[in-house]
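Chains, contacts and geometry: an overview
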Amino acid sequence: ILHHMNAPASLVGFFLAAAAAGLLSTMQPGMNAKLGGAAGSPFYGGLVNFIIGIGLILIVLLALRAMGSPLAPAPAVSKLSSVPWWSWLGGLLGATYVCTAIFVVPKIGGVNYIVCIVVGQVVGHLLIDQFGLVGLPKHPLTATRFVGVVLVIIGMLLVTAGSKPKAALPANTTPAVMPPQTN
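Counting restarts for each chain: residues are numbered from 1 in the order of the written sequence. It should be noted that, the model being predicted, local features are given only for residues of pLDDT at least 70 and side-chain atom pairs only at 80 or more, the latter also being counted only at that level, while totals for whole chains, interfaces and linings use all residues. Only hydrogens and water are set aside when side-chain values are computed; all heavy atoms of the structure are taken into account.

1. What to know about the overall build of the protein chain
What counts as a helix is a DSSP run of H or I of at least four residues, what counts as a strand is a run of E of at least two, and both are numbered from the N terminus. Across its full length, the protein chain holds seven helices and zero strands. In sequence order, the protein chain lays out its α and β elements as α-α-α-α-α-α-α. Between buried and exposed lies partly exposed: a residue is buried under 20% and exposed over 50% of the maximum accessible area for its type, with that area taken using a 1.4 Å probe on protein chains only. The buried share of the protein chain, taken over its 183 residues, is 17%. When contacts within the protein chain are restricted to residue pairs at least 6 apart in sequence, long-range pairs at least 24 apart make up 54% of them. Only the protein chains shown count as cover for residues, with accessible areas throughout obtained via the Shrake-Rupley method and a probe of 1.4 Å. In the form shown here, the protein chain has an accessible surface area of approximately 13,200 Å², with 75% of it arising from carbon and sulfur atoms. In this description, contact between two residues means that some pair of their heavy atoms is separated by no more than 4.5 Å.

2. Some thoughts on the pattern of salt bridges
A pair is scored as a salt bridge if a Lys or Arg side-chain nitrogen falls within 4 Å of a carboxyl oxygen belonging to Asp or Glu. For the structure on display, the rule yields one salt bridge. Residue Arg 145 pairs with Asp 129 through a salt bridge whose shortest N-O separation is 2.6 Å. Of the two residues, Arg 145 sits in helix 7 (residues 143–160) while Asp 129 sits in helix 6 (residues 110–131), which places them 16 residues apart along the sequence. You can call Arg 145 partly exposed: its relative accessible area is 30%.

3. Details of the packing of helix 3 (residues 42–66) against helix 5 (residues 90–108)
One can describe the packing of helix 3 onto helix 5 by two numbers: an axis separation of 9 Å at closest approach and a directional angle of 135°. Comparing the axis directions of helix 3 and helix 5 gives the class oblique. Read as a crossing pair, helix 3 and helix 5 show a hand that is right-handed. In this structure, helix 3 uses Pro 42, Phe 43, Gly 45, Gly 46, Asn 49 and Phe 50 to contact helix 5, whose residues at the interface are Gly 94, Ala 95, Val 98, Cys 99, Ile 102 and Phe 103. Split into classes, the residues belonging to the contact of helix 3 with helix 5 amount to eight nonpolar, four polar and no charged. Helix axes are fitted only over the stretch in contact, all axes being lines through C-alpha atoms; the angle between N-to-C directions runs from 0 to 180 degrees. The cut-offs work like this: below 35 degrees is roughly parallel, past 145 is roughly antiparallel, 65 to 115 is roughly perpendicular, and the gaps in between are oblique. In a left-handed crossing the near helix is turned counterclockwise from the far helix by less than a right angle, and in a right-handed crossing that turn is clockwise. Residues are sorted three ways: Asp, Glu, Lys and Arg are charged, Ala, Val, Leu, Ile, Met, Phe, Trp, Tyr, Cys and Pro are nonpolar, and all the rest, Gly among them, are polar.

4. Examining the packing of helix 2 (residues 28–39) against helix 5
At a minimum axis distance of 9 Å, the contact between helix 2 and helix 5 shows a crossing angle of 80°. The orientation of helix 2 with respect to helix 5, classified from their angle, is roughly perpendicular. Contacts between helix 2 and helix 5 involve Gln 28, Pro 29 and Asn 32 from the first element and Tyr 97, Val 98, Ala 101, Ile 102 and Val 105 from the second. A breakdown of the residues in the contact of helix 2 with helix 5 according to their chemical character gives six nonpolar, two polar and no charged.

5. Things to note about unusual backbone geometry
If you check the backbone angles, Val 134 has positive phi at about 45° while not being a glycine. Structurally, the position occupied by Val 134 is in the loop between helix 6 and helix 7.

6. Overview of a nonpolar patch on the surface
Like-charged residues within 9 Å of one another, or nonpolar side chains (Val, Leu, Ile, Met, Phe, Trp, Tyr) within 5 Å, are grouped into patches, provided each residue has over 30% relative accessible area and no salt bridge. On the surface, a cluster of nonpolar side chains totalling about 1,100 Å² of accessible area is made up of Trp 85, Trp 86, Leu 89, Leu 92, Val 123, Leu 127, Phe 131, Leu 133, Val 134, Leu 136, Ile 153 and Leu 157. Elements represented by at least two residues in the nonpolar patch include exactly helix 6 and helix 7. Tallying contributions element by element places helix 6 first for the nonpolar patch, with three residues. Relative to the elements of secondary structure, Leu 92 occurs in helix 5. Owing to a relative accessible area of 55%, Leu 92 belongs among the exposed residues under this scheme.

7. Quick word on the packing of aromatic side chains
What characterises a pair of aromatic rings is the spacing of the ring centres plus the angle enclosed by the ring planes. Each pair of aromatic rings taken from Phe, Tyr and Trp, with Trp reduced to its six-membered ring, is defined by centres within 6.5 Å and is described as stacked if the planes are under 30 degrees apart, edge-to-face if over 60, and tilted in the remaining cases. Tallied over the full model, the rule gives two aromatic pairs. Between the aromatic rings of Tyr 97 and Tyr 113, the centroid separation amounts to 6.1 Å while the plane-to-plane angle is 55°, which identifies the pairing as tilted. Taken together, the positions of Tyr 97 in helix 5 and Tyr 113 in helix 6 put the pair 16 residues apart, joining distant regions of the chain. Taking the relative accessible area as the measure of exposure, Tyr 113 reaches 6% and is therefore buried.

Structure follows, in structure tokens:
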């Protein structure tokens, strides 16, 4: 696969790490929903998610700093204050993703959710690449890339075809705190 993508073999570990992160992320909506259900609101599940995430990032940064790694230099406040305003919105987007997953996955299922997410990400990144948005370099749309995106969309339609969404939730309930269903 890497040869076909013209990627050097030295990147294999990065591709495997990305695939592993994607595999692990499939468990996140269910975990957050369980936490939120126990706490009485799906938003608590998301909050716990971010608190634990901040803790892990802090531990990694402190460990890298202790080892003198160039991956964790002291942040320069002057540089932080000079970034575009929209650079600070990443956390809002992450929280939107987590909260959406908590509500949507129990209704449409994990596979349907993730293929819709992937289509949204592919189309979004296609636009980002085409126009060099959010500070990233331009990567023009080619016929091959366009066909690839169309195939991803067709894949989403095939995966979601025939899916039956769950019945509407009872009033005043959320997916994380729904009463157990009996068959």
